[in-house]
Amino acid sequence: MEDQQAPQSAESEAKVITPCGSTKFEAEFAEVNQQLTMGGCVVISLGMFSLPDLPDYDWIADGADIKGRLGAVHFQKIRMADEVYIVDPGGYVGESTRREIAYAESLDKPVRYLSRERLPRTGDVPKSESNRRAAIGGGSLGDQARGLGHPASLAHG
């Protein structure tokens, strides 16, 4: 097994990030997931963006408490994360996301917000321009996720 790499040391392990936010922002979640992953982070994101279509299931009564179990799973993802990334286009944070933020903060997890950072779209900036920005302190989202980049761009909530 010569092709196997040695396990990474604790210092070089990838940062684990759990995105939180409204499920109506599925496209923004996908973009954040892609940018963080390309930046070398492990992303533990949402498992689904809408409740499953279960024939004859009364979501209002939710007797099996599926919503509660899904919420508990997401809280476990927050516990597993090094950092929480709030997907809040335009600054929108709903009640469930506010609970997730409060939970993350109660665990002393760093919380970052999409609305407070410029999230470059993949392919928006030529690589040479991206490298120039990083060299002058702008950094990419991946750099910021690893603690590089400009300190002013790393606002926490």
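One can find the structure itself at the top, above this paragraph.
The rules we used
Residues numbered from 1 in each chain as written. Predicted model: local features only at pLDDT ≥ 70, side-chain atom pairs only at ≥ 80, totals over all residues. Heavy atoms only, no water. Helix = DSSP H or I, 4+ residues; strand = E, 2+ residues; numbered from the N terminus. Buried < 20%, exposed > 50% of the residue type's maximum accessible area, 1.4 Å probe, protein only. Contact = heavy atoms within 4.5 Å. Areas by Shrake-Rupley, 256 points an atom, 1.4 Å probe, with all protein chains shown as cover. Pairing = 2+ DSSP bridges.

### Examining the overall build of the protein chain
Here is step 1 of the chain: The helix and strand tally for the protein chain stands at 5 helices and 4 strands.
Here is step 2 of the chain: Ordering the α and β elements of the protein chain from the N terminus gives β-α-β-α-β-α-β-α-α.
Here is step 3 of the chain: Looking at the protein chain as a whole, 36% of its 157 residues qualify as buried.
Here is step 4 of the chain: Sequence-distant contacts, at least 24 apart, represent 72% of the contacts inside the protein chain between residues at least 6 apart.
Here is step 5 of the chain: Working note: accessible area of the protein chain is about 9,700 Å², and carbon and sulfur atoms make up 53% of it.

### Some details on the pairing of strand 3 (residues 83–87)
Here is step 1 of the chain: Counting buried positions along strand 3 yields 5 of 5 residues, so the element is predominantly enclosed.
Here is step 2 of the chain: A two-sided burial pattern is seen for strand 3, the buried positions comprising Glu83, Tyr85 and Val87 on one face and Val84 and Ile86 on the other.
Here is step 3 of the chain: Note that strand 1 (residues 16–21) and strand 3 share 5 bridges and pair parallel. By the bridge assignment for strand 3, Pro19 is matched with Tyr85.
Here is step 4 of the chain: As defined by bridge partners, strand 3 adjoins strand 4 (residues 111–113) across 3 bridges and the pair is classed as parallel.

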